[in-house]
Amino acid sequence: MSIIQSHDVTLYGGNDAYQIVLRPLSDEHLPYLYQWNADPEVLYWTEGDDVERYPPEAVRRIYGEISKNSLCFLIEVNGRAIGECWLQKMNLPQVKRMYADDADVRRIDMSIGEKSYWGKGIGTLFVGMLVKYAFEREQVDVLHC
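Residues numbered from 1 in each chain as written. Predicted model: local features only at pLDDT ≥ 70, side-chain atom pairs only at ≥ 80, totals over all residues. Heavy atoms only, no water.

Undergrad: Help me understand the sheet that holds strand β4 (residues 80-89), please; the structure alone is not making it clear to me.
TA: Consider a sheet: its strands pair through backbone hydrogen bonds, and that pairing is either parallel or antiparallel. Read from one edge to the other, the open sheet built from 6 strands follows the order β1-β2-β3-β4-β5-β6, with strand pairing classed as mixed. Here the strands that pair on one side only, and so sit at the sheet edges, are β1 (11-14) and β6 (142-143). Examined bridge by bridge, β1 and strand β2 (residues 19-24) share 4 bridges and lie antiparallel to one another. Bridge pairing in β2 places Tyr12 opposite Val21. Contacts from helix α3 (residues 56-66) reach β3 (70-77) and β4 within the one sheet, and its direction differs from that of β4 by about 50°. (Pairing = 2+ DSSP bridges. Helix = DSSP H or I, 4+ residues; strand = E, 2+ residues; numbered from the N terminus. Contact = heavy atoms within 4.5 Å. Axes fitted to C-alpha atoms, helices over the stretch in contact; angles between N-to-C directions.)

Encoded structure:
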């Protein structure tokens, strides 16, 4: 039985320097997730300063649960896996209360785990790809960021 519930959506984008592919995240990508979620510097930017590492069992639990209500992607740049992101149905009650009950409210979570790719505008590019997909293909009402 798979840990990560995958999907069949692949997104392509980027610019002249960075060809970006957002591939469906799957169990075969767990080694990347283990590595990135064990790096305190990466986790500082995704979780804050109260988490220094997630052990493999926590990574499996987190991504297994998140993938039930999200489109989770592996981020590839010029053929190299550099991070992960997801377009998730809003799960925070305090945020859900801000919108109509029938509104399709989503959020984007992302992490560039390969630090050599930080500060190059790649996050801006792939978040733009997700925003476009959310509104044009998923018909999302609100992206709460």
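Picking up where we left off.
Undergrad: So what exactly am I meant to see when it comes to the pattern of salt bridges here?
TA: One side chain can pair with another of opposite charge once the charged atoms of both are near each other. Per the counting criterion, the structure on display carries 8 salt bridges. Lys115 is the salt-bridge partner of Asp39, the closest N and O atoms lying 2.9 Å from each other. In this pair, Asp39 is assigned in the loop between α1 (30-36) and α2 (40-47) and Lys115 in the loop between β5 (105-112) and α5 (122-136), connecting sequence segments 76 residues apart. (Salt bridge = Lys/Arg side-chain N within 4 Å of Asp/Glu carboxyl O.)

Undergrad: Teacher, can you tell me more about the packing of aromatic side chains here?
TA: When we look at a pair of aromatic rings, we describe it by the centre distance and by the angle of the planes. Scanning the entire structure with this criterion turns up 3 aromatic pairs. With 5.5 Å between their ring centres and 15° between their planes, Tyr32 and Trp36 make a pair best called stacked. Here Tyr32 and its partner Trp36 are both found in helix α1, 4 residues apart, which amounts to about one turn of the helix. For Trp36, a relative accessible area of 3% puts it in the buried group. Taking the centre distance of 4.9 Å and the plane angle of 90° together, the rings of Tyr44 and Trp45 count as edge-to-face. On the basis of relative accessibility, which here comes to 42%, the residue Tyr44 falls in the partly exposed class. (Phe/Tyr/Trp six-rings, centres within 6.5 Å; stacked < 30°, edge-to-face > 60°. Buried < 20%, exposed > 50% of the residue type's maximum accessible area, 1.4 Å probe, protein only.)

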